[in-house]
Amino acid sequence: VKYDPQNIKHHLALGHAYLSGIASDTNADIAIYQKRAIRNLERATRLAPQNPEPWLALSHAHYQMADFIQADQCVDQILEIDQNNYAALAMKAEIALRSNDPAKARDYAKQAAAQQPDLPAAHLIYAHALESLHRPQDALQALESALPHSGTPLPLRLKRAILLKQLNGVQTAIEDLK
């Protein structure tokens, strides 16, 4: 494949490749990989500013580097394009949760879960947010409601077991996982 500087897919692929290098490299090259990933993903956003995909990739890159402010700003760009974008709403919820704002995380996760009830990510964030708000019973109830609709129930069942352990003890959690 010949590199085309005007092709956003090339910049997305390079950005993802550099991020993969960050995850697998243990030496000082991490800063170089980060800069290259950001540079390529920013190019993709400039080439296609109305396309949510490069914005989401750039948001993930900033999130991976614990730059939650920049990650949040990228997600805001997606929500300006499409206010109901599941991935953006779930990412916004995840950023809020990592930024110690569980109420905001709860609200965004609830919106995302309404968009894609069969995907577990938003339901998990929603449950974590409720748990952070000292509402484990509500978190458990939210997981119970989500399980029948989930195409991937295992993460939801594991979180439910953790909550059951907190609320009712280890034996209840073990029985639930059987």
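Up top is the structure.
For clarity, every value in this text was computed on a predicted model and none was experimentally measured. The residue numbers shown here count from 1 along each chain, following its written sequence. Only residues with pLDDT of at least 70 get local features here, since the model is predicted, and only at 80 or more are side-chain atom pairs given and counted; chain-wide, interface and lining totals rely on the full set of residues. Excluding hydrogens and water, the side-chain figures rest on all heavy atoms present in the structure.

Participant: Hey, could you run me through the side chain of lysine 92 in this one?
Facilitator: Here a helix means four or more residues in a row that DSSP labels H or I, a strand means two or more in a row labelled E, and each is numbered from the N terminus. Locating lysine 92 in the fold gives a position in helix H5 (residues 86-98). Exposure categories follow from relative accessible area, calculated using a 1.4 Å probe and restricted to protein chains: below 20% of the type maximum is buried, above 50% is exposed, and the middle band is partly exposed. Given the relative accessible area of 6%, lysine 92 is considered buried. The contact partners of lysine 92, leaving out residues within four places of it in the chain, are Asp72, Val75, Asp76, Leu79 and Tyr108. By definition in these notes, contact holds between two residues if any of their heavy atoms fall within 4.5 Å.

Participant: What am I meant to see in a nonpolar patch on the surface here?
Facilitator: A surface patch of nonpolar side chains, amounting to about 270 Å² of accessible area, comprises Leu154, Leu158 and Leu177. Looking at the secondary structure, you find leucine 177 in helix H10 (residues 170-177). Its relative accessible area of 40% is what places leucine 177 among the partly exposed residues. Residues enter patches when their relative accessible area tops 30% and they take part in no salt bridge; the joining distance is 9 Å for like charges and 5 Å for the nonpolar side chains Val, Leu, Ile, Met, Phe, Trp and Tyr. The Shrake-Rupley method, run with a 1.4 Å probe, gives the accessible areas here. Residue values count only the displayed protein chains as cover. By convention in these notes, a salt bridge is any Lys or Arg side-chain nitrogen within 4 Å of a carboxyl oxygen on Asp or Glu.

Participant: What's the story with the side chain of serine 59 in this structure? I'm lost.
Facilitator: Secondary-structure assignment places serine 59 in helix H3 (residues 52-64). Assessed through its relative accessible area of 0%, serine 59 is described here as buried. Apart from the residues lying within four places of it in its own chain, the contact partners of serine 59 are Ala71, Cys74, Val75, Met91 and Ile95.

Participant: Whenever I open this one, the pattern of salt bridges confuses me. Can you help?
Facilitator: Opposite charge on two side chains permits them to pair, given that their charged atoms come into close proximity. Counted according to the given criterion, the structure contains 8 salt bridges. It is possible to trace a salt-bridge network through shared partners that takes in Asp72, Asp76 and Lys92.

Participant: How should I be thinking about the nonpolar core in this particular structure?
Facilitator: General note: in soluble globular proteins, nonpolar side chains tend to be found buried as a group. Nonpolar core, defined: a set of buried Ala, Val, Leu, Ile, Met, Phe, Trp, Tyr and Cys residues in which side-chain atoms within 4.5 Å join the residues together. With 52 residues, the main nonpolar core has Leu41 and Ile95 as its most contacted residues. Dropping the residues within four chain positions of it, leucine 41 is found in contact with His11, Leu12, Gly15, Leu19, Ala57, Leu58 and Ala61.

So yeah, pure geometry; function would need other evidence.
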